[in-house]
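Listed below are the residues making up each chain.
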Amino acid sequence: MQAIIQDRGRQYLVDVGQTLLIDHLASAEPGAEHVFDSVLMLGETVGTPFVPGAKVTASIEGHVKGKKLHIQKFKRRKDYRRRTGHRQTYTRVTIQKVG
């Protein structure tokens, strides 16, 4: 059964056994469980805005870093060039139960 969950402003379409990357959960330890209770849609049931009593349980697999993004600043004729990088941290979760 599929569900659409909301986690801190982002929405994800999830199914049992699916692994996905969400924004970093600082309080989550690898191996622990995390419950998403903001379920927008469960199967054919659409919430207003959330489905009452619906929960999605996921297990925390670990924390990973994303692909490096390069930021470049440049001003012509001023000898000004800056290049910095950023790697976003994510939490990898596996969906255990939808319902």
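See above for the structure.
Residues numbered from 1 in each chain as written. Predicted model: local features only at pLDDT ≥ 70, side-chain atom pairs only at ≥ 80, totals over all residues. Heavy atoms only, no water.

Looking at the sheet that holds strand β4 (residues 33-36)
Sheets are built from strands that pair by backbone hydrogen bonding, the pairs being arranged parallel or antiparallel. Spatial ordering of the open sheet is given by β3-β10-β7-β4, a layout of four strands whose pairing is antiparallel. Strands with a single pairing partner mark the edges of an open sheet, and in this sheet they are β3 (19-23) and β4. The average undirected angle you get between the axes of adjacent strands in this sheet is 45°. Bridge analysis of β4 against strand β7 (residues 56-65) gives four bridges, and the strand direction is antiparallel. (Pairing = 2+ DSSP bridges. Helix = DSSP H or I, 4+ residues; strand = E, 2+ residues; numbered from the N terminus. Axes fitted to C-alpha atoms, helices over the stretch in contact; angles between N-to-C directions.)

What about the sheet that holds strand β1 (residues 3-7)?
Spatially, the four strands line up as an open sheet ordered β2-β1-β5-β6, and their pairing is antiparallel. At either end of the open sheet lies a strand with only one pairing partner, and these are β2 (10-14) and β6 (45-46). Relative to β2, β1 is paired through five bridges, and the arrangement is antiparallel. Paired with I5 across the two strands is Y12, which belongs to β2.

Considerations on the pattern of salt bridges
Summed over the entire model, instances satisfying the criterion amount to three salt bridges. For R10, the salt bridge is made with D23, and the minimal N-O distance between the two is 2.9 Å. Here R10 is found in strand β2, whereas its partner D23 is found in strand β3, with 13 residues between them in sequence. Take R10: its relative accessible area is 47%, and that puts it in the partly exposed class. The closest approach of N and O atoms between D79 and R81, which form a salt bridge, is 3.9 Å. We classify R81 as exposed; its relative accessible area is 57%. (Salt bridge = Lys/Arg side-chain N within 4 Å of Asp/Glu carboxyl O. Buried < 20%, exposed > 50% of the residue type's maximum accessible area, 1.4 Å probe, protein only.)

Some points on the packing of aromatic side chains
The tally for this structure, following the rule as stated, stands at zero aromatic pairs. The ring of Y80 carries the charged tip of K75 above its face, separated from the ring centre by 5.4 Å. (Phe/Tyr/Trp six-rings, centres within 6.5 Å; stacked < 30°, edge-to-face > 60°. Lys NZ or Arg CZ within 6 Å of the ring centre and 35° of its normal.)

Remarks on the side chain of D23
In this structure D23 comes out as buried when scored by relative accessible area, which is 19%. Looking at D23, its side chain comes within polar contact range of the side chain of R10, at 2.9 Å. Apart from the residues within four sequence positions on either side, D23 is in contact with R8, R10, Y12, Y90 and T91. (Polar contact = N/O pair within 3.5 Å; in protein donor to acceptor, adjacent residues only side chain to side chain. Contact = heavy atoms within 4.5 Å.)

Considering the environment of Y12
Structurally, Y12 is set in strand β2. In this structure the C-alpha to C-alpha distance between Y12 and V56, which are 44 residues apart in sequence, comes to 11 Å. Setting aside its immediate chain neighbours within four residues, Y12 contacts A3, I4, I5, D7, L20, L21, I22 and D23.

By themselves, these observations are geometric and do not establish any function.
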